[in-house]
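Descriptive structure summary
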Amino acid sequence: MFGAVRRFGVSQALRASAPRSLSSGLAPQLLKWQAPSTWSPALARPFQTSFPALSAASAEAAEAPAASEQELITEFADLQKKGFVDASIVQNITSTARMGLTTMTDVQSQTLHQMLRGDDVLAQAKTGTGKTLAFLVPTMQNILSDPTLNTKQDHGRRGQASAADIRALIISPTRELAEQIAVEAMKVAAGTGLKVQTAVGGTQKKAGLQRIQRMGCHLLVGTPGRIKDIFSDPYSGVSAPRLNTLILDEADRLLDQGFAPEVQAIQELLPDPFKVDRQTVMFSATVPKEVMQMVKRTMKPDFKFVKTVRDDEVPTHFSVPQKTVFLRGYENALPSILELAKNYQARQQADPNLRPFKAIVYFNSTSEVNLAAEAFNNLKSEPGNSRSFSPLGRMKLLEIHARLSQGQRTNSASTFRKTPEAILFSSDVTARGMDFPDVTHVLQVGVPRDRETYIHRLGRTARANKTGEGWVFLHDGENDYYSERLGDLPLHEDSQSLPTAMADMSKGTENLSPATALTISQMKSAMEEVSPITRENTYRSQLGTLLQSFSSKRHAIRILNNLAIHGYGLPEPPAVSANIARNLGIAKIPELTIGQSQHRHVSFGQGSQSSDRVFGRRGSDRGSDRGDRGDRGFPRRSFDRDNQERGGRGRGRSSGSGERSTGFGERSSGFGGRPRF
Ligand SMILES: Nc1ncnc2c1ncn2[C@@H]1O[C@H](COP(=O)(O)OP(=O)(O)OP(=O)(O)O)[C@@H](O)[C@H]1O
């Protein structure tokens, strides 16, 4: 009987049993969580549900053979054979014409019974190990088994579903991830009659609501802002009076301070768990300690913690070489990336077994993403010859970040997904959960804001048992910050592969090898084609982020100034408003130019004598509060929480969701915003 064991009548023997070890050799850990000493019954009251009176389904459940529930199932086909999961679902997964999967991953096997049973589950497994299917399959099965949906009669023709039929809600921190989960859910649900709908920001709310009303919905996937919006709107026509499953994908992100208020608000808008029992499920590759407190407060006290990564094991994949390149200056970063791509292409031409170069390049601010994408798109194999081809041939060069419209974001993501050879310049909008096939390289410029960000970004490669490489590009001066955050990860310094990384960009190219000289000239020439306003604004936006990576602010500004001149080809470092300088605590640093600037086209080597006119005086915080207003194009507000539901250039904050707006240092994902509960 499909899903018969859900929620009801779970035997103590079953609860106490631990699963067998999997073939992977990893010792699986199933931790039955004890109510922590800090756990307060009053606080958790809504989640301490006494189980509802037995229904017809529960009577069936009581009869379900407990022994089979304990069995660790590792083949998808066995889910059907042993009566745990509906045949259509299993066929959708196993059929070679569809998903073509045979063996379950550790996290899929080890969460199955708890999920089917309706337990609260926290699952931690490495990136790219199939967590999405791990929560989708049992959740869908539970919906199919729900007696109140009268599924058996309706099976395969559940066209009459209504907008009030939502049984499961999946929340994801990003729009792209929500869409991706929904696409996977629809594949799994094909032919079952289950209705999957999405509710994400950046799309037309009204059209989405009408779709849900017209077609009905059993499983809703969305982003926090839009979900909250829908459930708090009495006129939305969409409600979930019988919702009994709440899933937080990328749970640690959803419980951090940027999202937690919205997620909590959503929980309050859901049916009273005293009246409608609710299973809460959380999945992520990372569960930092500080998030555990929040998890404990959100889940039932006896929730199950399924962990397929050992405490003493590094959380990244062994199969991914991870390299650190120390740069002479930040101006060497883009030429080094160009060199890496060209080198790989050359190797691939010689060795057809190598997969095409498909890389994601992460930066810590959206301005950097935009600048890098523009510069790479301007590349010419013969510097200065606009008719020459790109040195990267036909490689697609894409960008994605929150300052693009949702349409542009979706377009970039889907083009990157289907293009074999491409570079995606990205903010953290794609760092979590995105399943782009065949990514060969993940490159990170600058120290990521925290260890979790590094792990999730790196996880965009080497998914589903494939291989890949990770590279981090840093300035020498960031070493302390780097060691503090990533010191325990298996990163190895590579000082050989990329000579461009250590070239002195302030000098001519005479003493460099022809290949290095050409790469640098190509990059400098491409950068000159980018508008000076874009380059200047990128400098300003980097101030806030870079200052946090260096112990000496003055040192950071010198490094940034070198980048402005030798990397961005500006005649001198752009002026920064007095207000911003004061806020950042750098107003007294002599190397900082304070004031407003006028732009005109400039190119490498023109030097400061041909500089933009600078108003205000160097190293002074004089000037006025108007300073930042006068900086044309200055990113006035942070587009942090980059990976969230906002879209559209320059739109203001649309909800009180904890979005951090600092007005400077638009680090792409809320730098420093670790959750504190
Ligand atoms: N049992 C399986 N066997 C082989 N491939 C699988 C299996 N389950 C899922 N996959 C594939 O593995 C890829 C990664 O899956 P998924 O996106 O669910 O990973 P994840 O663990 O959620 O990763 P992340 O932590 O990055 O969110 C997908 O392409 C998916 O189709």
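Residues numbered from 1 in each chain as written. Predicted model: local features only at pLDDT ≥ 70, side-chain atom pairs only at ≥ 80, totals over all residues. Heavy atoms only, no water.

Defined as follows: UniProt positions are given in the numbering used here, feature names are shortened, and annotations may be inferred rather than shown by experiment.
The protein carries the name ATP-dependent RNA helicase in an unreviewed UniProt entry, which gives Penicillium cinerascens as its organism. Annotation of the protein in UniProt includes, under Sequence similarities (unreviewed entry), the sentence "Belongs to the DEAD box helicase family." In UniProt, the protein has this text filed under Catalytic activity (unreviewed entry): "ATP + H2O = ADP + phosphate + H(+)".

1. Describing the UniProt feature "domain: Helicase C-terminal" (unreviewed entry) in the protein
Inclusion rule: Each helix is a run of DSSP H or I of at least 4 residues and each strand a run of E of at least 2, with the numbering of both proceeding from the N terminus.
What UniProt calls "domain: Helicase C-terminal" (unreviewed entry) maps, in this numbering, to residues 346-506. Annotated as 29% helix and 19% strand, the span residues 346-506 places its first and last C-alpha atoms 28 Å apart.

2. Regarding the site of the ligand
Here is the rule: Whether a residue is near a molecule or strand depends on its heavy atoms: it is near if one of them lies within 4 Å of it. By the criterion applied in these results, polar contacts are pairs of N or O atoms within 3.5 Å in which, for protein atoms, one can donate a hydrogen and the other can accept it, and in which residues neighboring in sequence qualify only through two side-chain atoms. Residue burial considers only the protein chains on display, and all accessible areas are found by Shrake-Rupley using a 1.4 Å probe.
In the vicinity of the ligand lie 20 residues, with Thr103, Lys131, Thr132, Asp435 and Arg463 positioned nearest. Between the ligand and threonine 129, the relevant distance is 3.0 Å, taken from an oxygen atom to a main-chain nitrogen or oxygen of the residue. For the ligand, an oxygen atom lies 3.2 Å from a polar atom in the side chain of glutamate 250. In the complex, 86% of the free accessible area of the ligand, which totals 640 Å², lies under the protein chains.

3. Topic: the sheet that holds strand 11 (residues 396-400)
Filter applied, for reference: A pair of strands is labelled paired if DSSP reports no fewer than 2 bridges between them. Between the N-to-C directions of two axes lies an angle of 0 to 180 degrees, each axis being a line fitted to C-alpha atoms and, for a helix, fitted only over the stretch in contact. Should any heavy atoms of two residues lie within 4.5 Å, those residues are counted as being in contact.
Ordered in space as 11-12-10-13-14-9-15, the seven strands form an open sheet in which the pairing is parallel. Either end of the sheet is taken by a strand with one partner, and the two such strands are strand 11 and strand 15 (491-493). Going across the sheet, the axis of each strand differs from the next one's by a mean of 20°, ignoring polarity. Where strand 10 (residues 358-362) and strand 12 (residues 422-426) come together, five bridges link them in parallel fashion. The residue of strand 12 that forms the bridge with alanine 359 is isoleucine 423. Running over the sheet, helix 17 (residues 366-377) touches strand 11 and strand 12 and is turned about 165° from strand 11. In the packing of helix 20 (residues 479-486) onto the sheet, the strands contacted are strand 9 (322-327), strand 14 (469-475) and strand 15, and the crossing angle to strand 9 comes to about 165°.

4. Quick word on the nonpolar core
Note the following rule: In this text, buried Ala, Val, Leu, Ile, Met, Phe, Trp, Tyr and Cys residues form a nonpolar core when linked through side-chain atoms within 4.5 Å. Three exposure classes are used, based on accessible area relative to the maximum for each residue type with a 1.4 Å probe and protein chains only: buried under 20%, partly exposed in between, and exposed over 50%.
If you look at the biggest cluster of nonpolar residues, it comprises 59 residues, and the most contacted ones within it are Phe376, Leu392, Ile423, Phe425, Phe473, Ile586 and Leu592. Looking at which element gives the most residues to this core, the answer is helix 16 (residues 333-350), with seven residues. Setting aside residues up to four positions removed in sequence, phenylalanine 376 forms contacts with Leu334, Ile337, Leu338, Leu392, Leu397, Ile423, Phe425 and Met523. Within the second largest apolar cluster, 58 residues are counted, among which are Ile93, Ala134, Phe283 and Leu398.

5. Thoughts on the pairing of strand 5 (residues 219-222)
Rule in force here: We call a crossover right-handed when, viewed with both strands directed away from the observer, the connection leading from the first strand over the helix to the second proceeds clockwise.
The alternating pattern of strand 5 places Leu219 and Val221 on one face and Leu220 and Gly222 on the opposite face, and all of these are buried. Strand direction decides the pairing type here: strand 3 (residues 168-171) and strand 5, joined by four bridges, are parallel. Paired with isoleucine 171 across the bridge in strand 5 is glycine 222. Where strand 4 (residues 196-199) and strand 5 come together, four bridges link them in parallel fashion. The residue bridging valine 196 from the neighbouring strand is leucine 219, located in strand 5. In this view, the connection linking strand 4 to its parallel neighbour strand 5 by way of helix 11 (residues 205-215) has right-handed handedness.

6. A few points about the packing of aromatic side chains
Filter applied, for reference: Stacked, edge-to-face and tilted are the three classes for Phe, Tyr and Trp ring pairs, Trp counted by its six-membered ring, which pair at centre distances within 6.5 Å; planes under 30 degrees apart are stacked, over 60 edge-to-face, the rest tilted. We call a charge positioned over a ring when the NZ of a Lys or the CZ of an Arg lies within 6 Å of the ring centre and within 35 degrees of the ring normal.
In the structure shown here, the tally under the stated rule is six aromatic pairs. Judged by centre distance (5.9 Å) and plane angle (90°), the rings of phenylalanine 326 and tyrosine 482 are edge-to-face. With phenylalanine 326 in strand 9 and tyrosine 482 in helix 20, this residue pair connects regions lying 156 residues apart in the sequence. Residues phenylalanine 326 and tyrosine 482 agree in their burial class; the two are buried. A cation over an aromatic ring shows up here: lysine 358 above the ring of phenylalanine 416, its NZ or CZ 4.9 Å from the ring centre.

7. Quick look at the side chain of threonine 415
Assignment of secondary structure puts threonine 415 in helix 18 (residues 406-418). Given the relative accessible area of 14%, threonine 415 is considered buried. Contact partners of threonine 415, with chain neighbours within four places excluded, come to Lys396 and Leu398.

8. Observations concerning the pattern of salt bridges
If the charged atoms of two oppositely charged side chains come close together, the side chains can form a pair. This is how the line gets drawn: Only one rule defines a salt bridge in this text: a Lys or Arg side-chain nitrogen within 4 Å of an Asp or Glu carboxyl oxygen.
Tallying each qualifying case throughout the model produces 28 salt bridges. Between aspartate 428 and arginine 457 there is a salt bridge, and its shortest N-O distance comes to 2.7 Å. Highlighted residues: aspartate 428 in the loop between strand 12 and strand 13 (441-445) and arginine 457 in helix 19 (residues 451-458), separated in sequence by 29 residues. Of the two residues examined, aspartate 428 and arginine 457, each falls in the buried class. Where glutamate 591 meets arginine 558, a salt bridge forms, and the shortest distance between an N and an O atom there is 3.3 Å. Linking glutamate 591 in the loop between helix 24 (578-584) and strand 16 (596-597) with arginine 558 in helix 23 (residues 553-567), this pair joins segments that are 33 residues apart in sequence. Each of Arg117, Asp119 and Lys304 takes part in salt bridges that share partners, so that together they form one network.

9. Looking at the layout of surface pockets
Condition: Definitions used for this entry: grid spacing 1 Å over protein atoms alone; cavity, a set of points where a 1.4 Å probe fits but cannot get out; pocket, an open set with protein on both sides within 12 Å along at least 5 of 7 lines; lining residue, one with an atom within 4 Å of a point. Grid points are joined across faces, edges and corners, and a volume is the space filled by probe spheres set on the points. Just so you know the grouping, Ala, Val, Leu, Ile, Met, Phe, Trp, Tyr, Cys and Pro go in nonpolar, Asp, Glu, Lys and Arg go in charged, and all remaining residues, Gly too, go in polar. Where each domain begins and ends is defined by an automated method or by a domain database.
In this structure, the second largest pocket encloses a volume near 460 Å³. Lining of the second largest pocket is provided by 22 residues; of these, Gln124, Val287, Pro288, Lys307 and Arg451 occupy positions nearest its centre. Considered class by class, the residues forming the lining of the second largest pocket number ten nonpolar, three polar and nine charged. Each of domain 1 (2-34 + 49-145 + 161-307) and domain 2 (316-531) accounts for three or more of the residues forming the lining of the second largest pocket.

10. Some thoughts on the packing of helix 16 against helix 21 (residues 514-528)
Heads up, the rule is: Here the word oblique covers every angle except those under 35 degrees (roughly parallel), over 145 (roughly antiparallel) and from 65 to 115 (roughly perpendicular). In this scheme the crossing of two helices becomes right-handed for a clockwise turn of the near helix relative to the far one and left-handed for an anticlockwise turn of less than a right angle.
Between helix 16 and helix 21, the shortest axis-to-axis distance is 9 Å and the interhelical angle comes to 125°. When the interaxial angle is binned, helix 16 and helix 21 end up oblique. Viewed along their axes, helix 16 and helix 21 form a crossing whose handedness is right-handed. Counting all contacts with helix 16, which are made through Leu334, Pro335, Leu338, Glu339 and Lys342, the residues of helix 21 involved are Thr516, Thr519, Ile520, Gln522, Met523 and Met527.

11. Some thoughts on unusual backbone geometry
Although it is not a glycine, aspartate 438 adopts a positive phi angle of roughly 60°. In this fold, aspartate 438 is placed in the loop between strand 12 and strand 13. With relative accessibility at 34%, the residue aspartate 438 sits in the partly exposed group.

12. A short note on helix 18
We count it as follows: To estimate the expected span of a helix, count its residues, drop one, and scale the result by 1.5 Å.
Relative to the 18 Å expected for 13 residues at 1.5 Å per residue, helix 18 spans 18 Å between its end C-alpha atoms, a close match to the ideal helical length. Turning to helix 18, its buried residues number three or more, namely Gln406, Arg409, Ser412, Ala413, Thr415 and Phe416. On its buried face, helix 18 is in contact with helix 10 (175-189), strand 10, strand 11 and strand 12.

13. Structural notes on the pairing of strand 13
Most of strand 13 is tucked away, with five of its five residues classed as buried. Here strand 10 runs beside strand 13; their pairing, made up of four bridges, is parallel. Along strand 13, the bridge assignment pairs tyrosine 362 with glutamine 444. Bridge analysis of strand 13 against strand 14 gives five bridges, and the strand direction is parallel.

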